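# Per-entry structural report
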Amino acid sequence: MGGADPDRIEQARHYATRNRLIGVGMSEETADAWIDAWAAQAARDGIEPGAGYWDAAWRWIAEQRGTRVRP
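None of these values were measured; they are calculated from a predicted model.

Rules used in this analysis
Numbering of residues starts from 1 in each chain and follows the order in which that chain's sequence is written. Predicted model: local features are reported for residues with pLDDT of at least 70 only, side-chain atom pairs are reported and counted for 80 or more only, and whole-chain, interface and lining totals are derived from all residues. Just so you know, side-chain values use all the structure's heavy atoms and leave hydrogens and water out. We count a salt bridge whenever a side-chain nitrogen from Lys or Arg sits within 4 Å of a carboxyl oxygen from Asp or Glu. Counting from the N terminus, the helices are the DSSP runs of H or I reaching at least four residues and the strands are the DSSP runs of E reaching at least two. Working definition: with a 1.4 Å probe on protein chains only, accessible area under 20% of the residue-type maximum means buried, over 50% means exposed, and in between means partly exposed. Two residues form a contact once any of their heavy atoms are found within 4.5 Å. Residues belong to one nonpolar core when they are buried, are Ala, Val, Leu, Ile, Met, Phe, Trp, Tyr or Cys, and are joined through side-chain atoms within 4.5 Å.

### Brief notes about the pattern of salt bridges
Two side chains of opposite charge can pair, provided their charged atoms sit close to one another. Taken as a whole and judged by the stated rule, the model has three salt bridges. E28 is the partner of R18 in a salt bridge, and the nearest nitrogen-oxygen pair spans 3.7 Å. Separated by ten residues along the polypeptide, R18 in helix α1 (residues 6-23) and E28 in helix α2 (residues 28-45) bring together distant segments of the chain. Judged by its relative accessible area of 14%, R18 falls in the buried class. One salt bridge connects D32 with R18, and the closest N-O pair in it is separated by 2.6 Å. Linking D32 in helix α2 with R18 in helix α1, this pair joins segments that are 14 residues apart in sequence. Judged by its relative accessible area of 29%, D32 is partly exposed. The network of salt bridges with common partners includes R18, E28 and D32.

And the structure:
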């Protein structure tokens, strides 16, 4: 039986955030660039994937987009 696979859950959260960015008008390429920028920032800040990681990503990307066009 097992349970939910943490890697699959994390991948689903990643794609949900990507789709959310695309849904607000971002191109796939730009969404991927912002997600990569977030991953680098999270690593610098010691933020590891988990329950709040992608919510933090969404907030960080929104803040960064207010000051620059692309990551």
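### Focus: the side chain of T17
Inspection of the secondary structure assignment puts T17 in helix α1. For T17, the residues in contact, after removing those within four places along its chain, are W54 and W58.

### Concerning the nonpolar core
Within the largest apolar cluster, 14 residues are counted, with the highest numbers of intra-cluster contacts made by L21, W34, W38, W54, W60 and I61. Every element with two or more residues in this core is listed here: α2 and α3 (53-65). Not counting residues up to four positions away in its chain, the partners in contact with L21 are M26, A31, I35, W58 and I61.

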